[in-house]
Number of protein chains: 2
Amino acid sequence: MENEFKIIDGGICAAKGFKASGTYCGIKKPAYENPTRTHKNDICLYVSDRLCNTACVYTTNKVKGAPIIVTKANLEKSGGKAIAVIANSKNANTCNADGVEKANKMCELVANELNIPSEQVVVASTGVIGQVLPIEPIMSAVPKLVNELDYGKNNDAATAIMTTDTVKKEYAVEFEIDGKKCHLGGMAKGSGMIHPNMATTLNFITTDCAISTDMLQNALNEIVKITYNCLSIDGDTSTNDMVCLMANGLAENDEITCEGETYGIFKSALYEVMANLTRMLAKDGEGATKLIECIVAGAQTQDIAITVAKSVVCSSLFKAAIFGEDANWGRILCAVGYADAEFDINKVDVDIKSDMGIISVCKNGAGIEFSEEEASQVLSSDEIYVLINLNDGEASATAWGCDLTYDYVKINGDYRT
Amino acid sequence: MENEFKIIDGGICAAKGFKASGTYCGIKKPAYENPTRTHKNDICLYVSDRLCNTACVYTTNKVKGAPIIVTKANLEKSGGKAIAVIANSKNANTCNADGVEKANKMCELVANELNIPSEQVVVASTGVIGQVLPIEPIMSAVPKLVNELDYGKNNDAATAIMTTDTVKKEYAVEFEIDGKKCHLGGMAKGSGMIHPNMATTLNFITTDCAISTDMLQNALNEIVKITYNCLSIDGDTSTNDMVCLMANGLAENDEITCEGETYGIFKSALYEVMANLTRMLAKDGEGATKLIECIVAGAQTQDIAITVAKSVVCSSLFKAAIFGEDANWGRILCAVGYADAEFDINKVDVDIKSDMGIISVCKNGAGIEFSEEEASQVLSSDEIYVLINLNDGEASATAWGCDLTYDYVKINGDYRT
């Protein structure tokens with residue numbers, strides 16, 4: 001993943017031929033009832049000028065939001081083709097008796113307005129589980145959303161999928177294939193119930209690169225494993241996790257249909273966007289004050305590196321210590337030690353790094369002396385890197401998380417009201 | 001586990017022939033440096049009048065405290081026999097280059113004073129990982145501990161193993177085998193880094209019942225699975241987890257050497273003590289204001305019931321909701337859904353109960369209407385029961401946990417200092 005990409009603006013509208021819109025329809029409380037709400041939109045739509053090859057991954061939770069069930073069925077019917085995506089926040093439309101009916105209704109509303117088959121619409125919802133989704137505000141909103149679609153309205157969409165997020169998450173890159181300029185960009189939604197497992201929280205990615213549905217799905221599976229699936233805010237795997245990746249081919253490169261150089265470039269671009277969105281999600285984790293990035297090197301396999309790195313970013317004790325800026329490295333080693341993977345604990349080295357410096361805290365599985373003063377300085381940064389070397393092989397992986405704070409407890413002690 | 005037992009006082013001294021003592025030796029900070037410390041002891045000893053058949057289970061963490069390594073080796077050498085246990089708090093003697101040497105030294109000090117072989121001594125430590133254990137205070141303390149041993153000093157020992165615990169944990173029962181009165185009691189230490197896996201945090205249990213080492217180990221393995229291993233405070237499996245169960249036979253029943261009625265009674269008594277200690281550990285979890293007990297019934301197997309019950313008590317989001325007294329049952333169903341076990345999510349029922357009432361929140365995997373007022377009343381209690389029926393079989397299990405609070409973050413943001 002060494003390629004250099006040009007970082008560009010535009011989120012889901014960075015790729016040619018994708019229009020978006022977002023609005024407030026009344027699923028979130030109105031501003032006068034919730035004056036602290038910084039983002040007002042609660043529903044969005046985006047549409048490609050041309051039918052897209054579409055790949056998705058979904059939550060592994062047995063409880064699946066109705067939108068997941070409907071999107072899956074639609075893409076099966078359409079043979080992995082989609083043209084439009086509708087998504088709402090504040091209500092997950094999950095564990096509701098009429099959930100599938102309502103999710104289908106959302107697709108039909110969009111299909112009717114756009115004059116396309118309903119199975120070419122992807123639907124997603126995020127928010128509270130188990131509250132009936134009000135369909136009337138959505139019925140009123142869809143014509144407006146269609147009417148307001150525009151190539152530059154990625155921001156309206158990116159803010160509409162926010163729940164407890166404090167910032168919107170968008171990232172996009174430009175790259176070249178066959179001498180053609182391609183674009184790939186996306187938007188993501190945090191910021192709690194995040195512990196993706198073979199899928200992730202709501203993530204929408206678009207590209208104008210021409211690539212077959214099969215290769216698109218392969219690339220997505222491969223990259224999701226080392227990006228979103230290496231992210232944990234709180235250990236809770238959401239019921240509505242989904243990544244949707246759409247490719248409309250408007251860049252007019254030769255369609256990528258097999259492995260090879262161009263597929264490699266595409267995957268690198270996808271990694272660049274997904275890794276950066278993952279990082280943004282971690283940094284804006286509920287209540288978070290610090291990003292934690294754990295980089296495990298020297299593993300025998302990538303799976304071992306992933307398991308160890310995730311174990312560290314999932315440790316509540318370590319997360320609380322980072323909030324307190326306490327270099328309690330014993331908790332890192334403890335979390336390394338209970339990771340379900342094979343390696344020799346007596347060869348493990350641990351460093352802690354930030355823009356304020358670096359300290360070595362553990363060598364060959366045992367503590368080494370360090371200056372508490374230097375440690376405090378390193379930990380005063382808002383981006384903390386835990387560097388672990390298993391000294392056992394060549395594979396590596398990164399996992400992303402955040403500190404555990406009073407505000408996490410506050411936000412989640414009273415989320416529904 | 002339907003037997004009735006007489007609950008008695010005495011903790012580890014409830015069984016005949018067990019003397020204990022505890023003192024302050026200087027591993028914890030002195031009271032004038034830490035005026036909020038409610039328990040002053042930091043080291044304890046207990047000794048049986050007669051050599052004991054001894055069973056232990058240990059942490060599955062790859063990082064193992066030096067005391068775990070030394071105890072394991074001692075019991076192998078002695079053929080599962082022990083007569084004395086020494087334990088300290090505040091320092092885990094883990095990840096130290098000289099850890100095993102110091103743990104052995106602790107055993108030798110006790111062995112010399114008692115004139116017994118060193119391999120008949122069990123050693124345990126709990127506290128901060130990766131700080132060198134000061135041996136001098138322990139060298140001074142051991143003669144004093146031996147000198148002060150008494151049959152009624154369980155309290156001195158139970159307070160010496162406390163770290164962030166706010167209350168000591170002791171439980172004991174009396175029962176009858178072959179017309180002989182038997183006693184079984186124990187003490188346990190919480191209250192963070194608790195997510196036992198095939199073992200648990202420090203737990204010491206003694207009995208005067210006569211039972212072979214093999215049957216003692218079998219009983220311990222079986223009961224630990226459905227008690228301590230169904231407990232989670234924060235998802236972090238400690239490096240120093242240990243349960244030590246000693247039987248000195250002074251009740252003079254016919255030694256239990258195989259399965260059968262008397263073994264069944266013994267196991268029931270062990271369950272009674274270990275389940276109640278588990279409950280105490282959960283209730284005194286770091287920063288906890290509420291006990292959460294999740295009872296899963298109607299499972300095809302006990303393992304499925306355990307997996308689902310543990311998944312619920314481990315959910316940070318649900319734990320925070322309980323702290324906020326918010327009946328956010330969607331988070332329960334979410335945690336049920338990501339449990340790694342086979343069952344039909346569409347048959348799941350969920351009730352929430354306390355001494356203030358009971359509400360049904362979910363039927364057949366979908367939400368049902370309930371009164372928010374009644375829900376608030378139920379959740380105002382400090383012991384919350386989540387009753388889940390998978391409607392899929394006859395097996396059941398209980399898991400114990402606690403709410404996630406500001407104080408958990410506070411305690412763990414700055415634990416070392």
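Rules used in this analysis
- Residues numbered from 1 in each chain as written.
- Chains lettered and ligands numbered in written order.
- Predicted model: local features only at pLDDT ≥ 70, side-chain atom pairs only at ≥ 80, totals over all residues.
- Heavy atoms only, no water.
- Axes fitted to C-alpha atoms, helices over the stretch in contact; angles between N-to-C directions.
- Helix = DSSP H or I, 4+ residues; strand = E, 2+ residues; numbered from the N terminus.
- Left-handed = near helix turned anticlockwise from the far one by under 90°.
- Contact = heavy atoms within 4.5 Å.
- Nonpolar A, V, L, I, M, F, W, Y, C, P; charged D, E, K, R; others polar.
- Buried area = accessible area lost by both parts, 1.4 Å probe.
- Salt bridge = Lys/Arg side-chain N within 4 Å of Asp/Glu carboxyl O.
- Buried < 20%, exposed > 50% of the residue type's maximum accessible area, 1.4 Å probe, protein only.
- Arc of directions from axis to C-beta.
- Core = buried A, V, L, I, M, F, W, Y, C linked by side-chain atoms within 4.5 Å.
- Least-squares fit on C-alpha atoms with pLDDT ≥ 70 in both.
- pLDDT = per-residue confidence, 0-100.
- Expected span 1.5 Å × (residues − 1).
- Pairing = 2+ DSSP bridges.

K.L.:
What is the right way to look at the packing of helix α2 (residues 99–114) of chain A against helix α3 (residues 136–147) of chain A in this model?
P.N.:
Helix packing for two helices is described by the angle between their axes and how far apart those axes are. Residues and elements named next belong to chain A. Interhelical geometry of α2 versus α3 gives an angle of 35° and a closest axis separation of 10 Å. In the packing of α2 onto α3, the handedness of the crossing is right-handed. Note on element contacts: α3 touches α2 through I138, M139, V142, P143 and V146, opposite K105, M106, L109, V110, E113 and L114. Here the contact of α2 with α3 is composed, by residue class, of nine nonpolar, no polar and two charged.

K.L.:
Where do I start with the interface of chain B and chain A in this structure?
P.N.:
You'll often see interface size given as the accessible area lost when the parts meet. Each partner contributes to the interface: chain B provides 53 residues, whereas chain A provides 53 residues. Here chain B and chain A share an interface that buries about 4200 Å² over both sides, 58% of which is from carbon and sulfur atoms. Our count for the chain B to chain A interface comes out at zero salt bridges. Mapped by element, the contributors of at least two residues to the side of chain B that touches chain A are α8 (316–323), α9 (330–338), β13 (366–367) and α11 (406–413) of chain B. Within the side of chain B that touches chain A, the residues separate by chemical class into 25 nonpolar, 17 polar and 11 charged.

K.L.:
When you look at helix α10 (residues 372–379) of chain A in this model, what are you seeing that I'm missing?
P.N.:
Residues that lie three or four places apart on an α-helix share one face, since the helix turns once every 3.6 residues. Residues and elements named next belong to chain A. What α10 keeps buried is the set A375, V378 and L379. Taken around the axis of α10, the buried residues stretch over an arc of 90°, which confines them to a single face. Looking at the packing, one finds that the buried side of α10 touches α8 (316–323), β11 (349–354), β12 (357–363) and β14 (383–389).

K.L.:
So what exactly am I meant to see when it comes to the nonpolar core here?
P.N.:
Nonpolar side chains tend to gather and get buried jointly when the protein is soluble and globular. Core analysis: the biggest nonpolar cluster contains 187 residues, and F175, F266 and I388 of chain A together with F175, F266 and I388 of chain B have the highest contact counts within it. Residues within four places of F175 of chain A in sequence aside, it is in contact with F5, K180, K181, C182, H183, L184, C209, I265, F266 and A269 of chain A.

K.L.:
For this particular structure, what's the right way to read unusual backbone geometry?
P.N.:
What you tend to see is this: most non-glycine residues have negative phi, and most peptide bonds are trans. Positive phi, close to 60°, is recorded for N115 of chain A, a residue that is not glycine. Structurally, N115 of chain A can be placed in the loop between α2 and β5 (121–125). Here N115 of chain A falls in the exposed class, since its relative accessible area comes to 71%. A positive phi angle is found at K90 of chain B, which is not glycine, with a value near 85°. Counting through the fold element by element, K90 of chain B comes out in the loop between β4 (81–88) and α2 (99–114).

K.L.:
What is the right way to read the relation of the copies chain B and chain A from this model?
P.N.:
Between chain B and chain A, the superposition needs a rotation of 180° and an axial shift of 0.0 Å, giving an RMSD of 0.0 Å. What the superposition gives is, in effect, a two-fold axis relating one chain to the other. Within chain B, Y406 of chain B has its C-alpha nearest the rotation axis, a separation of 2.5 Å. Most of the interface of chain B is mirrored in chain A: 100% of its interface residues are interface residues there too.

K.L.:
Please explain the confidence of the model for chain A as it appears in this structure.
P.N.:
For chain A, mean pLDDT is 90; residues scoring 70 or higher make up 95% of the total. Confidence metrics for the complex model read pTM 0.81 and ipTM 0.79.

K.L.:
How should helix α5 (residues 213–226) of chain A be read in this particular structure?
P.N.:
All names here are of chain A. With 14 residues, α5 should cover 20 Å at 1.5 Å per step; its first-to-last C-alpha distance of 21 Å lies within 8% of that length. Looking at α5, one finds that the buried residues are T213, M215, L216, A219, L220, I223, V224 and I226. Projected onto a plane normal to the axis of α5, the buried residues spread over an arc of 160° and lie on a single side. Structurally, α5 contributes buried residues whose contacts are with β3 (43–58), β4 (81–88), β9 (242–247), α6 (261–283), α7 (302–314) and β15 (395–402).

K.L.:
I tried to follow the sheet that holds strand β10 (residues 291–299) of chain B on my own but got confused; where do I start?
P.N.:
Strand pairs in the sheet, formed through backbone hydrogen bonds, run parallel or antiparallel to each other. Residue and element names in this part refer to chain B. On the basis of which strands lie adjacent, the open sheet formed by six strands has the order β13-β12-β11-β14-β10-β15 and mixed pairing. Two strands lie at the open edges of the sheet, namely β13 and β15 (395–402), each paired on one side alone. Judged from the seven bridges that link them, β10 and β15 form a sheet pairing that is antiparallel. Paired with C294 across the strands is A399, a residue of β15.

K.L.:
Mind showing me how you'd approach the pairing of strand β11 (residues 349–354) of chain B here?
P.N.:
The two faces of the sheet receive side chains in turn, since in a regular strand these alternate between them. Residue and element names in this part refer to chain B. Both β11 and strand β14 (residues 383–389) contribute to a ladder of five bridges, which runs antiparallel. Bridge pairing in β14 links D349 to N389. Strand direction decides the pairing type here: β11 and strand β12 (residues 357–363), joined by five bridges, are antiparallel. Bridge assignment links V350 to a residue of β12, and that residue is C362. Between β11 and β12, which follow one another and run antiparallel, lie two residues.

K.L.:
When you look at the environment of V308 of chain B in this model, what are you seeing that I'm missing?
P.N.:
Residues and elements named next belong to chain B. Its location among the elements puts V308 in helix α7 (residues 302–314). Among the residues examined, V308 registers a relative accessible area of 0% and is labelled buried. Distance from V308 to G337, taken between C-alpha atoms, is 8.4 Å for residues 29 residues apart in sequence. Each residue touching V308, except ones within four places of it in the same chain, is listed here: V296, V336, A339, F343 and L390.

K.L.:
How should I be thinking about the sheet that holds β15 of chain A in this particular structure?
P.N.:
Residues and elements named next belong to chain A. Pairing is mixed across the open sheet formed by six strands, whose spatial order is β13-β12-β11-β14-β10-β15. Pairing within the sheet leaves two strands with one partner each, and these edge strands are β13 (366–367) and β15. Along the sheet, α6 makes contact with β10 (291–299), β14 and β15, crossing β15 at roughly 35°. Each of β10, β14 and β15 is contacted by α8, which is oriented at about 125° to β10, the strand it contacts most.

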